[in-house]
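Examining the three-dimensional arrangement
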Amino acid sequence: MHSNAVLTIDLDAIAANWKLLCNTHKGQVAAVAKADGYGLGAVPVCTRLLREGCTHFFVAQLGEAVALAPHLPGANVYALGGVLPGDAAVFTEHNITPVLNTMDDISCWSEHAHTLGRSLPALLHVDTGMSRLGLPPRDVGLLVDNSAYLHGINLQYVITHLACADDPDHPMNAAQRTRFADACARLKAPMRSFANSSGIFLGTPFASDLARPGAALYGINPTPAKPNPMRPVVTLESRVLQVRDIAAGTPVGYNATWTAKRASRIATIGVGYADGYPRCLSNQSAASFNGRMVPLVGRVSMDLLTFDVTDAPDVVPGTMLELMGPTITPDMLAEQADTNGYEILTTLGHRFTRRYIGA
């Protein structure tokens, strides 16, 4: 081991999560692997899912798709970010399918098809309420009124993205479902792609030809108000570098934000906010040792964390503490940090020794 911490990624669990999502959706299920597989490694994650039978993979940016595509022979790799000027040839060179979000994307892709003298595959994104990427209703109307805009484009799926699927009772869900159904009918969509991770658990009305889960694959709870149906995927453990005894009244860490109320033992480990451990968890979170929680005390530093192990006398230099895993889940850390599990995973640093189970 060449670092102070080990990040273990359970590819068997990711595969099991994908299969659960397939069984829940009752249809084809893609894998969203943007941001380097939500910080866990897009190549090992996607190559394992390809072995399991997944044939559709989504990333955000063209560069991500170019890096991933060679590892997924025969699969469909999609870039969600559209076609920027000058990039069309890169898509066809690497056999990557773009998601078209604007009329400019459509024009660029149609012109590239004309240049090549052949039809080119694409997905069409319609905005049904997120107000980010995707065609607004006015532009959908343009396509309905004039099919020439799509000349040379082999439209495979029409897609949209749910804004509030993690809140089953939110009225946006029904509104987006209605808008999407209307847009697909007007566009005579060949196939549809609708549900994200949480959307899969909204039931049959949100099913489509292809679901696009991301976070649920990586163990994040897609049903926040209920127990997590997904298997945990990530464990982050770090070695104790030093244990010191301090007297009552002794401060710990920058700005002396924590002071010992009793004689205490303080364990220091070599992880910090440079590794993606949020600074806002200072004096709030904990680590786990043999199932026992040891509180984080003092400020989170760039490279160091300090824990009160007074009640865990077996903790000594070299002991491994769990910072994230079955006991302290990414969702738990996210709640403490006032963020979401997505951010916790995608900001994990690159100084950890990474270990893959089931590669």
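Below is a summary of the structure that appears in this document. Just so we're clear, the structure is a prediction, and the values are computed from it rather than from any experiment. Residue numbering note: each chain is counted from 1, following its sequence as written. Two thresholds apply to this predicted model, a pLDDT of at least 70 for residue-level local features and 80 or more for giving and counting side-chain atom pairs, whereas whole-chain, interface and lining totals are computed over all residues. Working from all heavy atoms in the structure, the side-chain values ignore hydrogens and water.

It is worth spelling out the overall build of the protein at this point. Each helix and strand counted, the protein has eleven helices and 19 strands in total. Principal-axis analysis of the C-alpha atoms gives the protein an extent of 80 × 40 × 35 Å. A 1.4 Å probe rolled over the protein chains alone gives each residue an accessible area, and that area as a share of the maximum for its type sets the label: buried under 20%, exposed over 50%, partly exposed in between. Classification of the 359 residues of the protein by burial places 50% in the buried group. Two residues form a contact once any of their heavy atoms are found within 4.5 Å. Taking the contacts inside the protein whose residues are at least 6 apart along the sequence as the reference set, 65% of them involve residues at least 24 apart. Comment: elements are numbered from the N terminus, with helices defined as DSSP H or I runs of at least four residues and strands as E runs of at least two.

Next up on the list: the packing of aromatic side chains. Stacked, edge-to-face and tilted are the three classes for Phe, Tyr and Trp ring pairs, Trp counted by its six-membered ring, which pair at centre distances within 6.5 Å; planes under 30 degrees apart are stacked, over 60 edge-to-face, the rest tilted. Taken as a whole, this structure holds six aromatic pairs when the rule is applied. Ring geometry for Y38 against Y218: centres 4.7 Å apart, planes inclined by 25°, an arrangement best described as stacked. Taken together, the residues span a long stretch of sequence, with Y38 in helix 2 (residues 34-38) and Y218 in the loop between strand 10 (210-211) and strand 11 (234-246) at a distance of 180 residues. The class of Y218 is buried, set by a relative accessible area of 1%. Seen from their ring centres, Y38 and Y342 are 6.0 Å apart, and the 45° between their planes marks the pair as tilted. Here the residue Y38 occupies a position in helix 2, and Y342 occupies one in helix 11 (residues 341-346), the gap between them amounting to 304 residues.

Before going further, it helps to spend a moment on the side chain of D127. Residue position: D127 is located in the loop between strand 7 (120-125) and helix 7 (137-145). Buried charge without a salt bridge: D127, with R179 as the nearest opposite-charge side chain at an N-O distance of 7.3 Å. Polar contacts here mean pairs of N or O atoms no more than 3.5 Å apart (in protein, one a potential hydrogen donor and the other a potential acceptor; neighbouring residues in sequence count only if both atoms are side-chain atoms). A distance of 3.0 Å separates a polar side-chain atom of D127 from the backbone nitrogen of M130. Excluding residues within four positions of it along the chain, D127 makes contact with R132, L133, G134, L135 and T160. The sign given to each residue is positive for Lys and Arg and negative for Asp and Glu; His and the chain ends receive no count. Salt bridges are defined as contacts in which a side-chain nitrogen from Lys or Arg sits within 4 Å of a carboxyl oxygen from Asp or Glu.

Taken residue by residue, helix 7 has D139, V140, G141 and L143 as its buried positions. Here the buried face of helix 7 lies against helix 6 (103-116), strand 7 and helix 8 (171-187).

Moving on to the side chain of H25. Within the element layout of this structure, H25 appears in helix 1 (residues 11-25). Not counting chain neighbours up to four residues away, the residues in contact with H25 comprise I200, A207, S208, L210 and A211.

It is worth spelling out empty space enclosed by the protein at this point. The pocket and cavity definitions rest on a 1 Å grid over protein atoms only: a 1.4 Å probe that fits but cannot leave marks a cavity, an open set with protein on both sides within 12 Å along at least five of seven lines marks a pocket, and residues lining either have an atom within 4 Å of a point. Grid points are joined across faces, edges and corners, and a volume is the space filled by probe spheres set on the points. Under the criterion given, the structure shown has one cavity of 30 Å³ or more. Counted as a void, the largest cavity has a volume near 40 Å³. Residue lining of the largest cavity: L236, D275, G276, Y277, P278, M324, L333, I344 and L348, and that is the complete set. Lys, Arg, Asp and Glu make up the charged group, whereas Ala, Val, Leu, Ile, Met, Phe, Trp, Tyr, Cys and Pro make up the nonpolar group; the residues left over, Gly among them, are polar. Per-class residue counts for the lining of the largest cavity are seven nonpolar, one polar and one charged.

This part takes up the pairing of strand 15 (residues 286-289). Residues of strand 15 alternate between two faces, with A286 and S288 on one and A287 and F289 on the opposite face, all of them buried. At least two bridges found by DSSP between two strands are what make those strands a pair. Two successive antiparallel strands, strand 15 and strand 16 (residues 292-295), enclose a turn made up of two residues, where N290 displays a positive phi of approximately 50°.

Space inside the largest pocket adds up to approximately 980 Å³. Surrounding the largest pocket, 37 residues form its lining, Y38, H161, N196, A215 and Y342 being those nearest its centre. Per-element tally for the lining of the largest pocket: the top contributor is helix 11, with four residues.

As a further point, take helix 6. Expected span of a helix: the number of residues minus one, times 1.5 Å. Its 14 residues place the ends of helix 6 20 Å apart at the C-alpha level, agreeing with the 20 Å of an ideal helix rising 1.5 Å per residue. Immediately beyond the C-terminal end of helix 6, within one or two residues, lies G117, with a positive phi of roughly 75°.

Attention now goes to unusual backbone geometry. Its identity as a non-glycine residue notwithstanding, K188 has a phi of 50°, on the positive side. Topologically, K188 is positioned in the loop between helix 8 and strand 9 (192-193). A positive phi angle is found at D338, which is not glycine, with a value near 55°. Mapping D338 onto the fold places it in the loop between helix 10 (330-337) and helix 11. Overall, D338 belongs to the exposed group, its relative accessible area being 72%.

What follows concerns the environment of L62. Looking at the element boundaries, L62 is found in helix 4 (residues 62-68). Each C-alpha atom of the pair L62 and F91 lies 7.6 Å from the other, and the pair is 29 residues apart in sequence. Contact partners of L62, with chain neighbours within four places excluded, come to A79, D87, V90, F91 and I96.

Right, let's get into the pattern of salt bridges. Counted by the stated rule, this structure contains eight salt bridges. Across the salt bridge formed by D275 and R351, the nearest N and O atoms sit 2.8 Å from each other. Of this pair, D275 sits in the loop between strand 14 (264-269) and strand 15 while R351 is found in the loop between helix 11 and strand 19 (353-357), placing the two residues 76 residues apart along the sequence. In this structure R351 comes out as partly exposed when scored by relative accessible area, which is 44%. Put simply, D12, K19, R48 and E52 are held in one network by salt bridges that share partners.

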